[in-house]
Amino acid sequence: MLRIAGGTVYDPANGIDGVVKDLSIADGRVVADGDLSAGARTIDATGMIVMPGGVDVHTHVAGGALNFARGLVPENQRAARKFLHRGDRRAGLGGMTPTTFATGYLYAGMGWTTVNEAAVPVLSARHTHEELHDIPLVDKTSLVLMANNEFVLDLLEAGEVERARHVVSWLVWAAKAYGIKAVNPGGVEAWKWGKNANTLHAPIEGYKTVTPAMIIEGLATIADDLQLPHPVHLHCNNLGVPGNFATTIETMNVLQGHRAHLAHLQFHAYGGDDWTTMRSESARVAEAFTANPTLTADAGAVLFGDAVTITADGPWQHLLYQLTGRKWGNLDVENETGCGIVPYVYKDRSLVNAVQWAVGLELLLLIDDPWRIFLTTDHPNGGCFWRYPEIIHMLMNAEFRREQIQQLPEKARQRIVLADLDREYTLSEVAIITSAGPARSLGLSRKGHLGVGADADVTIYPRRPDHGFLFSYPRYVIKGGAIVVEEGDVREVVDGREFIVRPACDERIEDYIRPLFEKVYTISFANYPVEIERLQNPEVVAAGARHSA
Ligand SMILES: [Zn+2]
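Read on for a plain summary of the structure. Since this is a predicted model, take the numbers as computed values, not measurements. The numbers attached to residues start from 1 for each chain and follow its sequence in the written order. Where local features are concerned, this predicted model is filtered to residues with pLDDT of at least 70; where side-chain atom pairs are given and counted, the filter is 80 or more; whole-chain, interface and lining totals use all residues. Values reported for side chains reflect all heavy atoms of the structure, with hydrogen atoms and water molecules removed beforehand.

A few points about helix 3 (residues 100-110)
Here's step 1: Burial within helix 3 is extensive, with eleven of its eleven residues counted as buried.
Here's step 2: Burial here depends on accessible area, computed with a 1.4 Å probe over protein chains only, as a share of the maximum for the residue type. Under 20% is buried, over 50% is exposed, and the range in between is partly exposed. To qualify as a helix, a DSSP run of H or I must reach at least 4 residues; to qualify as a strand, a run of E must reach at least 2; elements of each kind are numbered from the N terminus. Buried within helix 3 we find Thr100, Phe101, Ala102, Thr103, Gly104, Tyr105, Leu106, Tyr107, Ala108, Gly109 and Met110.
Here's step 3: Among the residues trailing helix 3, Gly111 stands out with phi positive, at a value near 105°.

What follows is the structure, encoded as structure tokens:
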């Protein structure tokens, strides 16, 4: 039992904007005042900021792609922050692609308590769950890759949408996932033949009728029909290339009326015809996005410095390799998806990187409704998650932003609109884009708020930190009622849980999948689905019902 007394509470989901009030916690949940016995420990939060723990709607922290990336950049591991074994804290490495234990320490050490692993192939889901379990201090959800799955594409080609829905449902449960991810729909499939899918309305390689638009519309419909708590989570076609804003806006037209989450919107809001004429088109993307109220998005903001790009988008990674001459790795994941890795450095003297840096901030500032756009860096693609406080600082301080803009090349300054934007985020808006908004988009009803019944995930920040930016150094972090961080340092390690979804499914669909699977996959069917027993702390969420108490 715990009482947080005298803090200034920001709980936008419950309409509380900077109100001095106490918070009572028992059995891992927020409870009504007066429900605590006299012996409860009290934290004096006078003069401090109290917020719901952060929720990361799009990150990459576990699974085969991460290990591929970790292996590809040993030089990063050598330079990474070291976590030594101490008490129940395990040894680990921070850096660009933190190891599992360190990932939990770094997220919680910053005040984040829930993360969504945004790209899991069914084929490697078992490994992903083992790593997710090894990430302490945060609760997890994960999304299974579906937009280049040949079973699904073949059914769309045959016009068998209902059977496709059952197959997707079966695959979501087989992966013990929480929702559906779509990466470069059709393009990753085409990449098996060295091709891509650059236009939404042309059939993809190897198919007569299936187009990226058909895949996008099909998966959005299936996610709606299955009543998944989180809608289809979409990485649009033509990521990263000049002129791609038109594809992004066309994707919104294809989605019309459907719920969807657009991942790392920054990478999809560029104008220009080539790399020398690339410019920001954040204003047009923000306008189209605002006009489509069924959509949410995350920023995928870029920070200058080191990154590692990791994505299922193989053709994009090949292009990035050709542009940079850096190391490159590519994997084909049987009939499901692909994977590419390229280490990368964002440079403030580079025109392209400067535009990217501005576009992420511009989208966060131009999209007025903080409930619809959330803070991410597409970790570790645009920068590492542990650098979020730098972005928050820029969002809250227009003067500081302008100082940063002065460092950019003159050419870049002419192609961005960031200097014209005066908006400064309030603390309440920060609480929305880092916690309340992503929790709502994910359909996690006990996350992102501090009302009675909420999971007791609470972050308490000093109002004037001695160490860097406001959100870099929490005074306390409380996870499920346990005080896990004090003075920015991990004090107690607790395991997180995994939220998974079991959508409705005609069980007979297995009779359809099994013979197909045995014909084309390299492992036996019995080893394909992840058994529920393998998950250490699962909480099964029924589709169509938010998992409130
Ligand atoms: Zn991503």
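Comments concerning the side chain of Asn244
Here's step 1: By the secondary structure assignment, Asn244 is in the loop between strand 12 (233-235) and helix 9 (245-255).
Here's step 2: The class for Asn244 is buried, based on a relative accessible area of 1%.
Here's step 3: Side-chain polar atoms of Asn244 contact the backbone nitrogen of Tyr270, separated by 2.9 Å.
Here's step 4: Any two residues whose heavy atoms approach within 4.5 Å are treated as being in contact. In this view, Asn244 contacts Asn238, Leu239, Phe267, His268, Ala269 and Tyr270; residues no more than four positions away in its chain are not counted. Side-chain atoms alone can form a polar contact between residues adjacent in sequence; in general such a contact is a pair of N or O atoms within 3.5 Å, and within protein one must be able to donate a hydrogen while the other accepts it.

Focus: the coordination of the zinc ion
Here's step 1: Surrounding the zinc ion are the protein donor atoms His58 (NE2), His60 (NE2) and Asp378 (OD), at 2.0 to 2.1 Å.
Here's step 2: All donors of the zinc ion come from a single chain, and their spacing in sequence reads H-x1-H-x317-D. In this pair, His58 is assigned in strand 6 (residues 54-59) and Asp378 in the loop between strand 20 (373-374) and helix 13 (388-396), connecting sequence segments 320 residues apart.
Here's step 3: The class of Asp378 is buried, set by a relative accessible area of 4%. Each metal site lists N, O and S donors within 2.8 Å (3.2 Å for Na, K and Ca). With water left out of the atoms, a site can look as if it is missing ligands.

Focus: the pattern of salt bridges
Here's step 1: The working definition used for a salt bridge is a side-chain nitrogen of Lys or Arg within 4 Å of a carboxyl oxygen of Asp or Glu. Taken as a whole, this structure holds 34 salt bridges when the rule is applied.
Here's step 2: Across the salt bridge formed by Asp455 and Lys447, the nearest N and O atoms sit 2.9 Å from each other. Exposure class is identical for Asp455 and Lys447. Each is buried.
Here's step 3: Between Lys447 and Asp457 there is a salt bridge, with the nearest N and O atoms lying 2.8 Å from each other. A residue pair is termed long-range when its members are at least 10 positions apart, and Lys447 in the loop between helix 16 (427-442) and strand 21 (458-462) and Asp457 in the loop between helix 16 and strand 21 qualify at ten residues. Across this residue pair, the class does not change: Lys447 and Asp457 are buried.

Here's the deal with the layout of surface pockets
Here's step 1: Its boundaries defined by the atoms lining it, the largest pocket holds a volume of some 680 Å³.
Here's step 2: Every element with two or more residues in the lining of the largest pocket is listed here: helix 1 (64-72), strand 9 (112-120), strand 11 (179-183), strand 17 (305-311), helix 11 (314-324), strand 18 (329-333), strand 19 (337-346) and helix 12 (351-366).
Here's step 3: The dominant element in the lining of the largest pocket, judged by the number of residues it contributes, is strand 19, at six residues.
Here's step 4: Only protein atoms enter the 1 Å grid used here, on which a cavity is any set of points holding a 1.4 Å probe that cannot leave and a pocket is any open set flanked by protein within 12 Å on both sides along at least five of seven lines; residues with an atom within 4 Å of a point are listed as lining. Grid points are joined across faces, edges and corners, and a volume is the space filled by probe spheres set on the points. The calculated volume of the second largest pocket comes to roughly 390 Å³.
Here's step 5: Surrounding the second largest pocket, 20 residues form its lining, Arg81, Leu106, Gly109, Trp386 and Ser472 being those nearest its centre.

Some thoughts on the sheet that holds strand 17
Here's step 1: By definition, two strands form a pair when at least two bridges between them are found by DSSP. Taken in spatial order, the three strands make up an open sheet running 17-19-18, and their pairing is antiparallel. Both outer strands of the open sheet, strand 17 and strand 18, are each paired with one neighbouring strand and no more. The average angle at which neighbouring strand axes cross in this sheet is 15°, direction not considered.
Here's step 2: With respect to the sheet, helix 11 is in contact with strand 17, strand 18 and strand 19, its orientation differing from that of strand 19 by roughly 30°. Axes, fitted as lines to C-alpha atoms, cover a helix only where it is in contact. Angles between the N-to-C directions of the axes lie from 0 to 180 degrees.

A look at the pairing of strand 2 (residues 16-26)
Here's step 1: In the sheet, strand 1 (residues 2-11) pairs with strand 2 via eight bridges, with the strands oriented antiparallel. The residue bridging Thr8 from the neighbouring strand is Val20, located in strand 2.
Here's step 2: Bridge count for strand 2 against strand 3 (residues 29-31) is three bridges, and the pairing is antiparallel. Note on strand 3: the bridge partner recorded for Ile25 is Val30.
Here's step 3: Linking strand 2 back to strand 3 in an antiparallel pair, the connection comprises two residues, with Asp27 at a positive phi of about 50°.

Re the environment of Ala526
Here's step 1: Here Ala526 is to be found in the loop between helix 17 (509-520) and strand 26 (538-542).
Here's step 2: Sequence-wise, Ala526 and Asp378 are 148 residues apart; in three dimensions their C-alpha atoms are separated by 34 Å.

Here we look at the environment of Ala286
Here's step 1: In this fold, Ala286 is placed in helix 10 (residues 282-290).
Here's step 2: Excluding residues within four positions of it along the chain, Ala286 makes contact with Leu363, Leu366 and Ile367.

Here we look at helix 17
Here's step 1: Compared with an ideal rise of 1.5 Å per residue, which puts twelve residues at 16 Å, helix 17 spans 17 Å between its outermost C-alpha atoms and is within 8% of the ideal.
Here's step 2: Those residues of helix 17 not exposed but buried are Ile509, Ile513 and Phe517. Viewed along the axis of helix 17, the buried residues span an arc of 45°, placing them on a single side of the element. Every exposed residue of helix 17 that faces more than 90 degrees away from the buried side is listed here: Asp511, Glu518 and Lys519.
Here's step 3: Looking at the buried positions of helix 17, the neighbouring elements they touch are helix 5 (150-157) and helix 6 (161-174). Any helix carries an expected span of 1.5 Å times its number of residues minus one. The reported arc concerns the directions from the helix axis to the C-beta atoms and nothing else.

Some words on the pairing of strand 19
Here's step 1: The buried fraction of strand 19 amounts to nine of the ten residues, a majority that puts the element mostly inside the structure.
Here's step 2: Here seven bridges tie strand 17 to strand 19, and the two strands are oriented antiparallel to one another. When the bridges of strand 19 are listed, Thr309 appears paired with Val342.
Here's step 3: Sheet topology places strand 18 next to strand 19; five bridges connect them, and they run antiparallel. Across the sheet, residue Gly329 finds its bridge partner in strand 19, namely Ile341.
Here's step 4: Connecting the antiparallel pair strand 18 and strand 19 is a turn made up of three residues, with Glu334 showing a positive phi of about 40°.

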